[in-house]
Structure formats: C-alpha cells, structure tokens
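# Close look at the chain arrangement
Residues per chain, in single letters:
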Amino acid sequence: MELLRKKKLLRLCLFCVLCPLIFENPRIVHAKGEEDFWIGKLMIKSGGKFLAAAPGDDADNPGLGQDGRAEKVELQGLYSYASCLIDADNDRVLFERHGSEPLPMASTTKIMTLIVILEHASMDEIVTVSKNAAAQPDVQLNIRSGEQYRLGDLVYSLMLESHNDVAVALAEHVGGSVEGFCALMNAKAAALGLSDTCFETPNGLDAENHHTTAIELSKIASYAIRNPEFIKITNTTSYQFNELTTNRSFSVTNKNRFLYMMDGAIGIKTGFTGKAGYCFVGALKRGEHTLIATMLACGWPPNKNYKWSDTKKLMEYGLEHFRRVPFKERAVLLVNGKETASGEFDIEKERITIPVTGGTADFVAAQPKGEIPAPLLLADWEQPSIEVSYLEQLDAPVAKGEVVGSVTYYIDSVEYASCFIRTVEEVPEIDFWYCLRYVITKWNSGVQ
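Reading the values: rules and limits
Residues numbered from 1 in each chain as written. Predicted model: local features only at pLDDT ≥ 70, side-chain atom pairs only at ≥ 80, totals over all residues. Heavy atoms only, no water. Core = buried A, V, L, I, M, F, W, Y, C linked by side-chain atoms within 4.5 Å. Buried < 20%, exposed > 50% of the residue type's maximum accessible area, 1.4 Å probe, protein only. Helix = DSSP H or I, 4+ residues; strand = E, 2+ residues; numbered from the N terminus. Axes fitted to C-alpha atoms, helices over the stretch in contact; angles between N-to-C directions. Parallel < 35°, antiparallel > 145°, perpendicular 65-115°, else oblique. Left-handed = near helix turned anticlockwise from the far one by under 90°. Contact = heavy atoms within 4.5 Å. Nonpolar A, V, L, I, M, F, W, Y, C, P; charged D, E, K, R; others polar. Phe/Tyr/Trp six-rings, centres within 6.5 Å; stacked < 30°, edge-to-face > 60°. pLDDT = per-residue confidence, 0-100. Patch = residues over 30% accessible without salt bridge, like charges linked within 9 Å, V, L, I, M, F, W, Y side chains within 5 Å. Areas by Shrake-Rupley, 256 points an atom, 1.4 Å probe, with all protein chains shown as cover. Salt bridge = Lys/Arg side-chain N within 4 Å of Asp/Glu carboxyl O. Pairing = 2+ DSSP bridges.

Judged by nonpolar contacts, the single largest core of 65 residues is most densely connected at Ile-111, Ile-117, Leu-151, Val-155, Leu-170 and Phe-230. Listed in part, the 26 residues of the second largest apolar core include Ile-352, Leu-378, Val-404 and Ile-411.

This part covers helix α3 (residues 110-120). Burial of α3 is extensive: nine of the eleven residues sit out of reach of the surface. Residues Lys-110, Ile-111, Met-112, Thr-113, Leu-114, Ile-115, Val-116, Ile-117 and Leu-118 constitute the buried set of α3.

The next thing to look at is the packing of helix α5 (residues 151-160) against helix α6 (residues 164-175). For the pair α5 and α6, the least separation of the axes is 9 Å and the interaxial angle reads 140°. Considering their axes alone, α5 and α6 lie oblique with respect to each other. When the axes of α5 and α6 are compared, the crossing they make is left-handed. In this structure, α5 contributes Leu-151, Leu-154, Val-155, Ser-157 and Leu-158 to the contact, and α6 contributes Val-166, Ala-167, Leu-170, His-173 and Val-174. Of the residues that constitute the contact of α5 with α6, the class distribution is eight nonpolar, two polar and no charged.

This part covers the packing of aromatic side chains. This structure, assessed with the given rule, holds 15 aromatic pairs. Judged by centre distance (6.3 Å) and plane angle (70°), the rings of Tyr-149 and Phe-241 are edge-to-face. In this pair, Tyr-149 is assigned in strand β7 (residues 148-150) and Phe-241 in strand β8 (residues 238-242), connecting sequence segments 92 residues apart. A relative accessible area of 0% places Tyr-149 in the buried class.

With that settled, the discussion passes to the confidence of the model for the protein chain. Here the protein chain shows a mean pLDDT of 86. Residues at 70 or above account for 83%. With pLDDT under 50 throughout, residues 1-10 is counted as low confidence; its partners more than four residues away or in other chains account for zero contacts. Low pLDDT, under 50, characterises residues 12-62; the predicted model gives this stretch 53 contacts beyond four residues in sequence or across chains.

This part takes up a nonpolar patch on the surface. A surface patch of nonpolar side chains, about 440 Å² in accessible area, is lined by Phe-432, Trp-433, Leu-436 and Ile-440. Following the sequence through the fold, Ile-440 ends up in helix α12 (residues 432-444).

Next up on the list: the sheet that holds strand β19 (residues 384-390). Spatial strand order, β15-β14-β19-β21-β22-β17-β16-β20: eight strands in an open sheet with mixed pairing. Edge strands, defined here as strands with exactly one partner in the open sheet, are β15 (338-339) and β20 (394-395). Pairing between strand β14 (residues 332-335) and β19: four bridges, direction parallel. Bridging across to β19, Val-335 finds its partner in Val-388.

Structure follows, in structure tokens:
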C-alpha cells in the first residue's frame, strides 16, 4: 500500500515538472507514432525516461531548409494583380508578382510628368491655359482657357489632387504639345533603361499604348524621390495659390493617405481609371531601409482601400525580412571555379599575378577595375556569391588595361553586378630588337 502511494506521488511530481515544458514548448513531434514524443529539446519514452536530445538543426533553427539556409518567407494575401517592392538605394527587386507584365497605370503616370517638368522648366514660368487643357475630363481643377498660372503653383495641383486639366496645360507648356511632352517622357524612360514603359498621355487617362510594369514604375519612383523638389511637392499637406489675371483662388489638399499610415512614409502617387483599376506607388525611408512599393490593378470600386492594405504589407515585409549587409560579408567566393576563403583573396586589394610566355617579363599584374557593390538589403534566405575568373596564362605582347578576366556578383545565381579584371602594366614581346638591345646593354655593362 505504501509502495503504491509512493508511485502515485512520483507520477504527480513528474506531471508537475513536465507541464511547464509542454506549455512552453507546444511543438510536439511524435518520434515513432506511439508513446515516444518530443517536448522542446527532450524526447520522452513511456515510463518517464529521458532518452535523447532533439536534433539541433530542427529544434535550434526552426524554419531552416535542407541546405541550412532560412526558408523563404512568402508574402500572401495581396489584392493587387501586379505588385513590386524594391530597395530604392539600388533598385534591386525584393519582391514581385506579375511585376514584368505591361499594364495601364492611371495617374501614377504623373510621377514621370513631374520628373520631366522639374528637369525641363523653371518654377517661375507662366503657363497659359489652352482650350484643349481646359476641356480635359475629371478629375479637374477647372482651369479656363486663356487663364495664366505660375508653373510652380500648378505642380501642387498636379500631384496633390491629380488634376487632369492641369497635367495637359503643363505638358503643352513644357513640351509644346501633348505629343511633344510625351516624347520627353518616353526619352526619360529610355534613359532610365526602361523597355516596357510607354507614355501616350501626361495625365494617365487610358490610351491604347499607355503602359508600364510594376517593376519599371518602381524604378521611376526611385529616381523621382532622389530629387528634393519632388519630395517637397508630394509631401505637402495642402497648398493655396491664385490665377494671375483674375486672382481666382484655389486650395488643394494631399489625397495620399499613406503619408499618415506608417512612420517614414514619403509619398508618392495614387491613380485610378476604369481600365487600370486602383494603382499606387508608395515610398518609405526608415533607418537603413528606403523602399518603394507599387501596386497595379489593385481592385475596382468600391475597393479603393485595398491599395493601402497591400502597401502596408509590402513595406512591413521589407522592413522585417531584409537587413543591409556588406556583400562580401555573406558571399561565397569562387576563384576560377574553386571556393576560396575571403581572407585568402581580397577583391578590393588583391593583385592577380598571371604568367606570361614569350614576354620581356615572366609575369603581369592585373586587378579588378570596378567598385564592389555597396551594402545592400538581403533576406536570410538569399545567398550572395562572387565569382572571380581570369586567364591563368598569357602570351606576349600584353597591353596595359587589357581585359584578362571578370568579377561577377550573384544573388541566388542571378547576376547582380560585374566588372572586368584588367592588366595594370604592359609586357612587350621578345623580338629581334629587344634581343639586340639586351645584348648591347649587357655588353656595355661589361657582361660578356
């Protein structure tokens, strides 16, 4: 009887010890489908015996893949058909869905409209309104043909309330015509390296060949926010101005709710047409992060708030999962196909010595000619690598600056940047005249 009581007391004590472990470690993995199971890092057998510690890779590093790297966190629950998140410091795409598909972009067009205006006009120029500009459909400021405005006033109407009549008035003033202004917009897109962007209107109203992609629109926005004047205009809460001949007064207010949604928000532009749906491009700067989030076809009425939800999700994804690190810190280094410890080969300082056949010198020095990528935002699941490849033997003559190899930077096998390895000196070929000079020099120095 006393033995039975002691056994019950022992079981009770064991239960009291294990309860906190169970509740603090809810992840229980059955080892054999019977009475063996994991509690935290301990495997319990029937009879109450501690048998073994749980596998370290599984228990100590939850969320690791088979190769030991963190598993990619997929972004779910977005409303937009096409979306993109980029690092605005280098335009690297951190996330995209249908990001390369050409789509209409509604009034986010006006990001490029303002870029072109700022780069081709002065804020003090006087804009005279044409009949064509005054006749543009909603949304309008309701400017009238013949009226005159200061250009620096109209840009606030353009960006804060997205007025279509103002966009055309500005386009005609800066470009001479709508067509001339769109040519400037398309020239700028080409200069930025954009191949799937085409502008046919300065206001974003639907047109047959008016389109961009989420990725390319993000890059346009990234370029735009580097201009302090652009930031000043798009971050203004409200603005008042007057027509110059009649003194008609106007007041415009910023319709971009994202400015008040997240700390560090810096704009930049909303948009909607029946063909494009709701569109938005937002920018955020917080600590080491400068992010651009773009949504195209993000719902139709009455779902105008979807774009705010998607923007917040994209920004939080970037803030939570990406941190800025030096490229070399995380990179695997391969030198002519062989994995090499970074301490054995310093890309910034290393001089490669290559043997030369038939030359006046037995070796030639070469160095990478290009900058190592600046620290960039990387997720834990991304693996950067650096591949150094160069010729291991050269035949004379070798010219100074001759390309003898390359350094290529990858992120998950996708090329990010590259530069050439060039010789830093010349090595002439041994010829008759070199041999003659050599003999004469030796003769004159007394060496027979």
